[in-house]
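If you want the building blocks of each chain, they are given just below.
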Amino acid sequence: MRFGILSTAKIGREAVIPAIQASEHTVTAIGSRDAERARRVAADLGIPEAYGDYETLLAEADIDAVYNPLPNALHAEWSQRAADHGHHVLCEKPLTVDSAEAIDLFEYCADRDVTLMEAFMYQFHPRTQRAREIVREELGELRAVESSFKFRLDWDGDIRLDPELAGGSLMDVGCYAVSAVRGFLGEPDRAFAQATDSRETGVDTNLAGTLAYDDGRVAQIACGFDSPHVERYRVETDDGWLEARDCFGPEPDQSVSLTYAVDGREVTETFDPVDQYRLQVEGFADAVSAGADPLVDRAETLGNMRAIDALARSAERGEPVDVAPAVE
């Protein structure tokens with residue numbers, strides 16, 4: 001599969017482009033609003049074609065798919081434009097600004113017979129899949145899950161602090177925490193959240209929330225831009241627990257582990273280094289080739305967006321809210 005890259009964003013330069021190039025797929029073109037920057041990055045990364053705007057890349061580059069790491073508020077627009085040219089779309093998380101826009105985007109891409117996948121790379125890591133298997137098959141009745149993703153964002157001019165670009169910690173890193181708890185518990189019924197805007201920029205810089213289930217199960221999520229780096233989830237069952245750290249963004253050369261306990265027996269499993277971005281690219285390309293739904297499919301993305309919508313709405317109102325039901 002031949003990829004075109006929309007923008008010279010850091011996540012593309014340092015993670016996704018190298019992952020594509022390490023696979024059997026290729027990066028054919030890269031675009032930027034700054035033509036000189038596009039040429040410079042293309043030269044640095046060995047990309048054959050560089051474009052000074054995104055539309056020309058979509059219209060002229062010899063590509064099959066695009067990777068879209070633009071700011072959140074631009075995901076839908078440029079994913080639609082890619083679909084207009086018949087290109088499949090791997091788009092960074094969160095896919096859109098809310099679930100309604102996500103529904104529209106999936107329908108838009110389906111009408112044009114192109115595959116759309118939200119780029120949640122951690123879901124492709126073998127540890128993530130093993131953790132869900134352990135909870136499903138080896139532990140008892142699930143009671144609660146906690147998940148956190150926080151780091152210190154040092155630059156006040158960062159686009160993640162721009163409300164016009166759908167910034168905020170919930171959208172940037174909280175989406176991982178929501179995804180993690182849903183991976184164990186499924187779709188929540190209600191949400192309650194409290195948020196702060198410590199930079200006075202108009203977005204949440206810290207958020208703590210609860211996702212509640214009608215059967216009594218509960219999830220706690222936390223995210224933020226003002227704390228030392230932490231990535232973790234912990235699952236509690238009636239007979240044990242499971243915990244993983246550095247669970248969303250391990251480096252390609254980093255061994256990782258998870259620990260679980262059941263009936264007083266504690267086990268640690270270690271996983272060899274893998275490039276989860278490469279696994280993501282390969283999973284996306286395989287789904288396109290097979291005409292199948294990708295691992296992160298429409299239902300997964302819409303479920304995550306509905307929970308995010310509810311947490312944001314609760315934080316704004318200062319009261320619990322219902323999570324919108326699934327709409328097929």
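So, here is what we can say about the structure in this document. (Residues numbered from 1 in each chain as written. Predicted model: local features only at pLDDT ≥ 70, side-chain atom pairs only at ≥ 80, totals over all residues. Heavy atoms only, no water.)

**Focus: the packing of helix α1 (residues 10-22) against helix α2 (residues 35-45)**
The contact between α1 and α2 brings their axes to 12 Å, and the two run at 50°. The angle between α1 and α2 places the two elements in the oblique class. The way α1 lies across α2 gives a crossing that is right-handed. Judged by residue contacts, R13, I17 and Q21 of α1 engage R37, V41 and L45 from α2. Considering only residue class, the contact of α1 with α2 consists of 3 nonpolar, 1 polar and 2 charged. (Axes fitted to C-alpha atoms, helices over the stretch in contact; angles between N-to-C directions. Helix = DSSP H or I, 4+ residues; strand = E, 2+ residues; numbered from the N terminus. Parallel < 35°, antiparallel > 145°, perpendicular 65-115°, else oblique. Left-handed = near helix turned anticlockwise from the far one by under 90°. Contact = heavy atoms within 4.5 Å. Nonpolar A, V, L, I, M, F, W, Y, C, P; charged D, E, K, R; others polar.)

**Examining the sheet that holds strand β1 (residues 2-6)**
Spatially, 6 strands are ordered β3-β2-β1-β4-β5-β6 in an open sheet, and the strand pairing comes out parallel. Bordering the open sheet on either side are β3 (49-51) and β6 (116-119), each of which pairs with just one other strand. Across this sheet, the average inter-strand angle for adjacent strands is 25°, counted without regard to direction. (Pairing = 2+ DSSP bridges.)

**A word on helix α4 (residues 75-84)**
The complete set of buried residues in α4 reads H75, A76, W78, S79, A82 and A83. For α4, the secondary structure elements touched by its buried residues are β1, α3 (54-60), β4 (65-68), β5 (88-92) and α5 (99-111). The positive-phi residue at the C-terminal boundary of α4 is G86, with phi of around 80°. (Buried < 20%, exposed > 50% of the residue type's maximum accessible area, 1.4 Å probe, protein only.)

**Overview of unusual backbone geometry**
The omega angle of the peptide bond from K93 to P94 is -20°, so this bond is cis rather than trans. With a phi angle near 55°, E200 is a residue other than glycine that sits in the positive phi range. Within the element layout of this structure, E200 appears in the loop between β8 (190-196) and β9 (206-212).

**Things to note about the pattern of salt bridges**
Scanning all chains against the criterion turns up 26 salt bridges. We note a salt bridge from R199 to D156, for which the minimum N-O separation is 2.8 Å. Of the two residues, R199 sits in the loop between β8 and β9 while D156 sits in the loop between β7 (142-152) and α7 (169-185), which places them 43 residues apart along the sequence. Relative accessible area serves as the criterion here: at 52%, D156 is assigned to the exposed category. (Salt bridge = Lys/Arg side-chain N within 4 Å of Asp/Glu carboxyl O.)

**So, the pairing of β8**
As paired strands, β8 and β9 are joined by 7 bridges and run antiparallel to one another. Bridge assignment links A191 to a residue of β9, and that residue is L211. As paired strands, β8 and strand β15 (residues 321-322) are joined by 2 bridges and run antiparallel to one another. Counted as the bridge partner of R190 is D322 from β15.

**Details of the packing of aromatic side chains**
Summed over the entire model, instances satisfying the criterion amount to 11 aromatic pairs. Taken together, a centroid distance of 5.3 Å and an interplanar angle of 80° make the contact between Y54 and W78 edge-to-face. Of this pair, Y54 sits in helix α3 while W78 sits in helix α4, placing them 24 residues apart in sequence. An angle of 55° between the planes, with centres 5.4 Å apart, marks the rings of F149 and Y176 as tilted. (Phe/Tyr/Trp six-rings, centres within 6.5 Å; stacked < 30°, edge-to-face > 60°.)

**What about the side chain of T128?**
In this structure, T128 sits in helix α6 (residues 126-137). One polar contact links the side chain of T128 to the main-chain carbonyl oxygen of Y122, over a distance of 2.7 Å. Ignoring any residue separated from it by four or fewer positions in sequence, one finds T128 in contact with Y122, Q123 and Y233. (Polar contact = N/O pair within 3.5 Å; in protein donor to acceptor, adjacent residues only side chain to side chain.)

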